[in-house]
Amino acid sequence: MKACLLRTPARIQENPLEFGEVAAPRPDSGEVLVRVQVCGVCRTDLHVVEGELPPKLLPVIPGHQVVGRVEENGVGAARFARGARVGVAWLHKTDGTCEYCRQNKENLCNAPLLTGYTVNGGYAEHIVAPQDFVYPIPEGLADEHAAPLLCAGIIGYRCLRMAKLTHGAKLGLYGFGAAAHVAIQVANHWGVHVYAATRDQRHQKLAMELGAKWAGGGLDLPPVQLDAAIVFAPAGEIVPVALKALRKSGRLILGGIHMSDIPSFPYDLLYQERMIRSVANNTRKDGEEFLKLAAEIPIRTHVQLYPLSDANRALNALKNDAIPGAAVLQVQS
Ligand SMILES: [Zn+2]
Ligand SMILES: [Zn+2]
């Protein structure tokens, strides 16, 4: 099958992904073989390709926002009919036995397998995944519009829930890429007012088009005090800036898997019961709830399509803030 393979992490400017022919995977027991239609491009893929996340499997096929069709069931797999439309996301599998799994916190599993990082992902024509960790994709969402929901969407949703927003709340979104452009639509649906801080003017424009009350630079102070803020940008220097924008007891949620160091800041920014919390991965329940909600609202993702062979170009564009919304690789046309 055709796939994009990472042999050695390197800066994306060096185009480290090799597009070529590799052996197609076979479904193990309990697994499904999925024919990939599209695969969303996530900033985490960039962290994998550039080695900001320490390599766990090399060579590896990145990609963890797969929408495709079940082509074959492994032994004992019967959840999905052949041809069913499904999604494969970041959480490939958990051990199901560690203390976190037993406390319904499988997102924190001590021994998870992660799609496109510790096991091969969806920058390829086929992928295998355990049937229990695969999502049915609701009707009414086109493949390419559903793909960015599988990570950007689900993680954004978990961040929104952690922010404990009520109707009329004021929410700051720092960084306005794939995750934020979905999160704002959920926030609007809940009657939450969004203030978007992002360095790129195209992203500010998209935020306003999607109903933000205000859009400004990444380090600008919004015109109101915020009840909560979510940082999606992988830039630690934003943390004290966002804290400064919070009212007393406000919540700051950090949505990224990787962030540059957070500079030291005066305790006053945190005092008055403000709190900071990171979000790590998601549970299957988050994913199921969110996909249902996304179809109900309905969420409209803005996507830029690239052929599978152009994954390097898509990741370069992502790094250069050149994608309003989300990039998606078109694997089958
Ligand atoms: Zn576990
Ligand atoms: Zn992701």
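The structure this text deals with has already been given above.
Every value quoted in this text rests on a predicted model; they were computed, and no experiment measured them.

> Looking at this structure, how should I read the coordination of the zinc ion (ligand 2)?
In ideal tetrahedral geometry, four donors around a metal make angles of 109.5 degrees, whereas ideal octahedral geometry with six donors gives angles of 90 or 180 degrees. Protein coordination at the zinc ion (ligand 2): the donors are Cys42 (SG), His64 (NE2) and Cys151 (SG), at 2.0 to 2.2 Å from the metal. Going along the chain, you hit the donors of the zinc ion (ligand 2) in the pattern C-x21-H-x86-C. Separated by 22 residues along the polypeptide, cysteine 42 in the loop between β3 (31-41) and α1 (43-49) and histidine 64 in the loop between α1 and β4 (66-73) bring together distant segments of the chain. Histidine 64 shares its class with cysteine 42; the two are buried.

> Mind showing me how you'd approach the packing of aromatic side chains here?
What describes a pair of aromatic rings is the distance from one ring centre to the other and the angle between the planes of the rings. This structure, assessed with the given rule, holds 4 aromatic pairs. Measuring from centroid to centroid gives 5.6 Å for tyrosine 267 and tyrosine 271, while their planes differ by 45 degrees, and the two rings are tilted. According to the relative accessible area criterion, tyrosine 267 is exposed, its value standing at 58%. Lying over the aromatic face of phenylalanine 133, arginine 284 brings its terminal NZ or CZ to 3.7 Å of the ring centre.

> Just checking my understanding: could you explain empty space enclosed by the protein for this structure?
One way to see where empty space is left: roll a probe the size of a water molecule over the atoms. Scanning the model with the defined rule gives 1 cavity of 30 Å³ or more in all. One number sums up the size of the largest cavity: a volume of about 40 Å³. Classifying every residue of the lining of the largest cavity gives 9 nonpolar, no polar and 1 charged.

> What exactly am I supposed to notice about the environment of glycine 250 here?
You can see glycine 250 is positioned in strand β14 (residues 246-254). A C-alpha to C-alpha distance of 9.8 Å links glycine 250 and lysine 164, two positions 86 residues apart in sequence. In contact with glycine 250, other than residues within four places in its own chain, are Asp227, Glu273, Arg274 and Met275.

> I keep staring at the coordination of the zinc ion (ligand 1) and nothing clicks. Help me out?
Bound to the zinc ion (ligand 1) are the protein donor atoms Asp95 (OD), Cys98 (SG), Cys101 (SG) and Cys109 (SG), situated 2.0 to 2.3 Å from the metal. Considering all 4 donor atoms around the zinc ion (ligand 1), the spread of angles at the metal, 96 to 119 degrees, places the coordination shape in the tetrahedral class. Here the donor residues of the zinc ion (ligand 1) are spaced in sequence according to D-x2-C-x2-C-x7-C. Looking at aspartate 95, the relative accessible area reads 32%, which means it is partly exposed.

> Just checking my understanding: could you explain the pattern of salt bridges for this structure?
Between side chains of opposite charge, a pair can form as their charged atoms come close. Applying the stated criterion across every chain yields a total of 16 salt bridges. In this structure, arginine 26 engages glutamate 72 in a salt bridge whose closest nitrogen and oxygen atoms are separated by 2.7 Å. On the criterion of sequence distance, the pair formed by arginine 26 in the loop between β2 (17-21) and β3 and glutamate 72 in strand β4 is long-range, its members being 46 residues apart. Glutamate 72 gets classed as partly exposed once you look at its relative accessible area, which sits at 28%. Note that aspartate 286 and arginine 161 form a salt bridge whose closest N and O atoms lie 2.6 Å from each other. With aspartate 286 in helix α8 (residues 284-296) and arginine 161 in helix α4 (residues 152-162), the pair connects residues that are 125 residues apart, well separated along the chain.

> Please clarify how the sheet that holds strand β13 (residues 226-231) should be interpreted in this entry.
Strand pairs in the sheet, formed through backbone hydrogen bonds, run parallel or antiparallel to each other. Pairing is parallel in the open sheet, where 6 strands are placed in the order β12-β11-β10-β13-β14-β15. Each having just a single partner strand, β12 (214-216) and β15 (275-278) make up the two edges of the open sheet. With direction set aside, neighbouring strand axes in the sheet form an average angle of 20 degrees. Pairing of β14 with β15 involves 4 bridges; the strand directions are parallel. Its bridge partner being in β15, leucine 254 is matched across the sheet by serine 278. Most of the contacts of α4 go to β14, to which it runs at about 155 degrees, and overall it touches β10 (170-174), β13, β14 and β15. Of the strands in this sheet, β10, β13, β14 and β15 touch helix α7 (residues 238-245), which is tilted by about 145 degrees from β14.

> Where do I start with the side chain of asparagine 312 in this structure?
By the secondary structure assignment, asparagine 312 is in helix α9 (residues 311-319). Setting aside residues no more than four positions away along its own chain, asparagine 312 makes contact with Ile12, Asn15, Pro16 and Leu17.

> I would appreciate a short explanation of unusual backbone geometry in the present structure.
The bulk of non-glycine residues show a negative phi, and the bulk of peptide bonds are trans. In this structure, the amide linkage connecting leucine 58 to the following residue, proline 59, adopts the cis form with an omega of -10 degrees. Structurally, proline 59 can be placed in the loop between α1 and β4. Backbone geometry places glutamate 273, a non-glycine residue, at a positive phi of 60 degrees. As for its placement among the helices and strands, glutamate 273 is situated in the loop between β14 and β15. Taking relative accessible area as the criterion, glutamate 273 reaches 65% and is therefore assigned exposed. Residue aspartate 321 is not a glycine yet carries a positive backbone phi of 60 degrees. Of note, aspartate 321 is situated in the loop between α9 and β17 (326-330).

Rules used in this analysis
- Residues numbered from 1 in each chain as written.
- Chains lettered and ligands numbered in written order.
- Predicted model: local features only at pLDDT ≥ 70, side-chain atom pairs only at ≥ 80, totals over all residues.
- Heavy atoms only, no water.
- Donors = N, O, S within 2.8 Å, 3.2 Å for Na, K, Ca; no water.
- Helix = DSSP H or I, 4+ residues; strand = E, 2+ residues; numbered from the N terminus.
- Buried < 20%, exposed > 50% of the residue type's maximum accessible area, 1.4 Å probe, protein only.
- Phe/Tyr/Trp six-rings, centres within 6.5 Å; stacked < 30°, edge-to-face > 60°.
- Lys NZ or Arg CZ within 6 Å of the ring centre and 35° of its normal.
- 1 Å grid on protein atoms, 1.4 Å probe; cavity = no way out; pocket = protein on both sides within 12 Å on 5 of 7 lines; lining within 4 Å.
- Points joined across faces, edges and corners; volume = space filled by probe spheres on them.
- Nonpolar A, V, L, I, M, F, W, Y, C, P; charged D, E, K, R; others polar.
- Contact = heavy atoms within 4.5 Å.
- Tetrahedral: all angles 85-135°; square planar, octahedral: opposite > 155°, others 65-115°.
- Salt bridge = Lys/Arg side-chain N within 4 Å of Asp/Glu carboxyl O.
- Pairing = 2+ DSSP bridges.
- Axes fitted to C-alpha atoms, helices over the stretch in contact; angles between N-to-C directions.

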